[in-house]
Amino acid sequence: MSNETLQAVRGMNDILPDEAGLWLWFEEMVSDWLASYGYRNIRMPLVEPTGLFKRAIGEVTDIVEKEMYSFEDSLNGDQLTLRPEGTASCVRAVLQHNLLYNAPQRLYYSGPMFRHERPQKGRYRQFHQVGVEALGFAGPDIDAEQIMMCARLWKRLGLSDVTLQINTLGDSACRHSHRAKLIAYFEQNLELLDAEATRRLHSNPLRILDSKNPAMQALIEAAPKLMDELNTDALTHFAAVQAILTRHDIAFEINPRLVRGLDYYNRTVFEWVTTKLGAQGTICAGGRYDGLIEQIGGKPAPAMGFAMGVERLLVLLQEAGMALPKPRLDVYVVHQGELAGQLASQVAEQLRDVNLRVALHCGGGSFKSQMKKADASCAVVAVVIGDDEAQANEVSVKPMQGGTQVRVNVQDLAATINELIKQE
Ligand code: ATP
Ligand code: MG
């Protein structure tokens, strides 16, 4: 190995302790929020058989065509992929363990996902999602519930600059007739299609509507609309979702061009977007996927889910001026001398016994330099122990925000500290 400093893989980030505080705070907030809607945690492997994603997400999608980290297991030749999203794994796990046997399931997971994209602000190769899935629910009530729960989270997080876009993709019959009309329309305009659109014309014409190519926008604008093909069931379902949202004062915009990048969606799809993050403005996206469970080998069952991009949400929070929650430390113990050192570690353990958060100074140094460390630690109090204090089984307690230093017997220490913390 060369002497060059090793670096993390491009597009994959270290989350350093200063920032990790915000992640911990966010994760706690999110698990409380999910519990308040009755969603339970599920944890799947980061690696799955490649075939799962091909089958679930669709062969002709950006993710499967060019974003997956796929490799062959050199030991047994298995084709494996680092998960690019969680829905396929979650459904696989639910089917494998027969969780839908007698009850629908409200589930969530969180963790890293992997996509080989061009790294930029808000777009990474390893990024984190919180994914929420309701399996076995057919009605519009669950669609509305999932959208409303997002609204509640934004409120709890203090985010106001996010707006909701919704659309319906209809059922497979409507999609088939729309697809046929789209192909016919684009075939009549072949000379206006770019290379990617031409390639997708017969495999996935719906994705052409998602193209960001400015030269094709007029063509896309005038393309046959799925809305015109929707059957009564799909329309009624969509109207019911809208009615519930309206009843709960959730503002939304219907965006007929919202098609989502994964093949498994049908009926309701939605995205929460912000203008604050440039091109990476979608912080949360999802929809109904009634065909997926059957598609990956289960008994047919309806389902609905969404995922949030944690990095994007955290940037948004920071830009909204959210102060980083300070890590709480109650006590910093400084000490000098051999006897003092022994008492210091004993005292630190005793304080932890009564659930105080204690950093014991390690590494020696003058009292002055140790007190500097105590200051920087943001502890509420410093406990100061010299050999003379140790001889008397006593310690000094110094409130870090000012106030007088007191000398107390070791037995009274916890009570003294708790009193000072209460005054904080
Ligand atoms: P985009 O259009 O931004 O590529 P997507 O449609 O591919 O998003 P989904 O698969 O729906 O995204 O994932 C849900 C959410 O996960 C996105 O809305 C986004 O917040 C986040 N996300 C997706 N890809 C990335 C990435 N490469 N880096 C960071 N966050 C991401
Ligand atoms: Mg993408």
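Residues numbered from 1 in each chain as written. Chains lettered and ligands numbered in written order. Predicted model: local features only at pLDDT ≥ 70, side-chain atom pairs only at ≥ 80, totals over all residues. Heavy atoms only, no water.

What about the overall build of the protein?
In step 1: For the protein, the count of helices and strands is 15 helices and 16 strands.
In step 2: Projected onto the principal axes, the alpha-carbon positions of the protein cover approximately 95 × 60 × 45 Å.
In step 3: Taken across its 424 residues, the protein has 49% of its residues classed as buried.
In step 4: If you take every contact in the protein between residues at least 6 apart in sequence, the share linking residues at least 24 apart comes to 70%.
In step 5: Accessible surface, the protein as shown: approximately 21400 Å² in total, 51% of it carbon and sulfur.
In step 6: Looking at the protein, you have 43 positive and 52 negative side-chain charges, and the mean spots of the two groups are 3 Å apart. (Helix = DSSP H or I, 4+ residues; strand = E, 2+ residues; numbered from the N terminus. Buried < 20%, exposed > 50% of the residue type's maximum accessible area, 1.4 Å probe, protein only. Contact = heavy atoms within 4.5 Å. Areas by Shrake-Rupley, 256 points an atom, 1.4 Å probe, with all protein chains shown as cover. Lys, Arg positive; Asp, Glu negative; His and termini not counted. Charge placed at Lys NZ, Arg CZ, Asp CG, Glu CD.)

A closer look at the sheet that holds strand β14 (residues 379-385)
In step 1: Reading across from one edge, β13-β12-β14-β15-β16 is the order of the five strands in this open sheet, with mixed pairing throughout. Each edge of the sheet is formed by a strand with only one pairing partner; in this case those strands are β13 (358-360) and β16 (406-409). Strand-to-strand twist of the sheet, defined as the mean angle between neighbouring strand axes without regard to direction, takes the value 30°.
In step 2: As judged from the six bridges shared by strand β12 (residues 329-335) and β14, these two strands associate in the parallel manner. Counted as the bridge partner of Tyr332 is Ala382 from β14.
In step 3: On the sheet, helix α12 (residues 338-353) packs against β12, β13, β14 and β15 (394-399) and is oriented at approximately 165° with respect to β13.
In step 4: The sheet contacts of helix α13 (residues 367-376) involve β12, β14 and β15, and relative to β12 the element is tilted by about 170°. (Pairing = 2+ DSSP bridges. Axes fitted to C-alpha atoms, helices over the stretch in contact; angles between N-to-C directions.)

Regarding the nonpolar core
In step 1: Core analysis: the largest hydrophobic core is formed by 49 residues, its most contacted members being Leu135 and Phe186.
In step 2: Once residues lying within four places of it in the same chain are set aside, the contact partners of Phe186 are Leu193, Leu201, Pro205, Ile208, Leu209, Leu219 and Ala223.
In step 3: Membership of the second largest hydrophobic core comes to 47 residues, among which are Ala134, Trp154, Leu314 and Val315. (Core = buried A, V, L, I, M, F, W, Y, C linked by side-chain atoms within 4.5 Å.)

Overview of the packing of aromatic side chains
Both the distance between ring centres and the angle between the ring planes are used here to describe each pair of aromatic rings.
In step 1: Counted under the stated rule, the structure contains three aromatic pairs.
In step 2: Aromatic pair Trp154 and Trp272: ring centres 5.8 Å apart, planes at 80°, arrangement edge-to-face. Placement of Trp154 in helix α5 (residues 140-157) and of Trp272 in strand β9 (residues 266-273) is noted, with a sequence separation of 118 residues between them. (Phe/Tyr/Trp six-rings, centres within 6.5 Å; stacked < 30°, edge-to-face > 60°.)

Comments concerning the site of ligand 1
In step 1: Taken together, 16 residues surround ligand 1, and among them Arg115, Glu117, Arg123, Arg260 and Thr282 come closest.
In step 2: Take Arg115: an N or O atom from its side chain is 2.8 Å from an oxygen atom of ligand 1.
In step 3: Between ligand 1 and the protein, one listed contact pairs an oxygen atom with a backbone N or O atom of Gly309 at 3.4 Å.
In step 4: Here the element with the most residues in the shell around ligand 1 is strand β10 (residues 282-288); it accounts for four residues. (Near = heavy atom within 4 Å. Polar contact = N/O pair within 3.5 Å; in protein donor to acceptor, adjacent residues only side chain to side chain.)

Details of the pattern of salt bridges
In step 1: Here the structure, examined in full by the defined rule, presents 23 salt bridges.
In step 2: For Asp143, the salt bridge goes to Arg288, with nearest N and O atoms at 2.7 Å. Highlighted residues: Asp143 in helix α5 and Arg288 in strand β10, separated in sequence by 145 residues.
In step 3: Taking the relative accessible area as the measure of exposure, Asp143 reaches 0% and is therefore buried.
In step 4: Given a relative accessible area of 0%, Arg288 falls into the buried group.
In step 5: With a closest N to O distance of 3.5 Å, Lys422 and Glu419 form a salt bridge. In this pair, Lys422 and Glu419 are both assigned in helix α15 (residues 413-423), three residues apart and thus about one turn of the helix distant.
In step 6: Looking at Glu419, the relative accessible area reads 40%, which means it is partly exposed.
In step 7: Three or more residues joined by partner-sharing salt bridges are found here, namely Asp62, Glu65, Lys66, Glu196, Arg199, Arg200, Arg207 and Asp210. (Salt bridge = Lys/Arg side-chain N within 4 Å of Asp/Glu carboxyl O.)

A few points about the state of the cysteines
Working definition: the covalent bond between the sulfur atoms of two cysteines is a disulfide.
In step 1: Summed over the entire model, instances satisfying the criterion amount to zero disulfides.
In step 2: Cys90 takes part in no disulfide bond, and the closest cysteine sulfur to it belongs to Cys284, at a distance of 16 Å.
In step 3: When its relative accessible area of 0% is taken as the criterion, Cys90 is described as buried.
In step 4: Sulfur of Cys362: no disulfide; nearest cysteine sulfur belongs to Cys378 and is 19 Å away. (Disulfide = S-S within 2.5 Å.)

Here's the deal with helix α11 (residues 310-319)
In step 1: The element α11 is largely enclosed, with a buried count of eight among its 10 residues.
In step 2: Inspection of α11 places Val310, Glu311, Arg312, Leu313, Leu314, Val315, Leu316 and Leu317 among the buried residues, and these make up the whole buried set.
In step 3: Next to the buried residues of α11 lie α1 (17-35), β6 (126-135), α5, β10 and β11 (303-309).
In step 4: Taken from the residues just after α11, Gly321 is the one with a positive phi, measuring 85°.

Details of a nonpolar patch on the surface
In step 1: On the surface, a cluster of nonpolar side chains totalling about 210 Å² of accessible area is made up of Leu46, Val47 and Phe71.
In step 2: Within the secondary structure, Phe71 is located in strand β3 (residues 69-72).
In step 3: For Phe71, a relative accessible area of 36% puts it in the partly exposed group. (Patch = residues over 30% accessible without salt bridge, like charges linked within 9 Å, V, L, I, M, F, W, Y side chains within 5 Å.)

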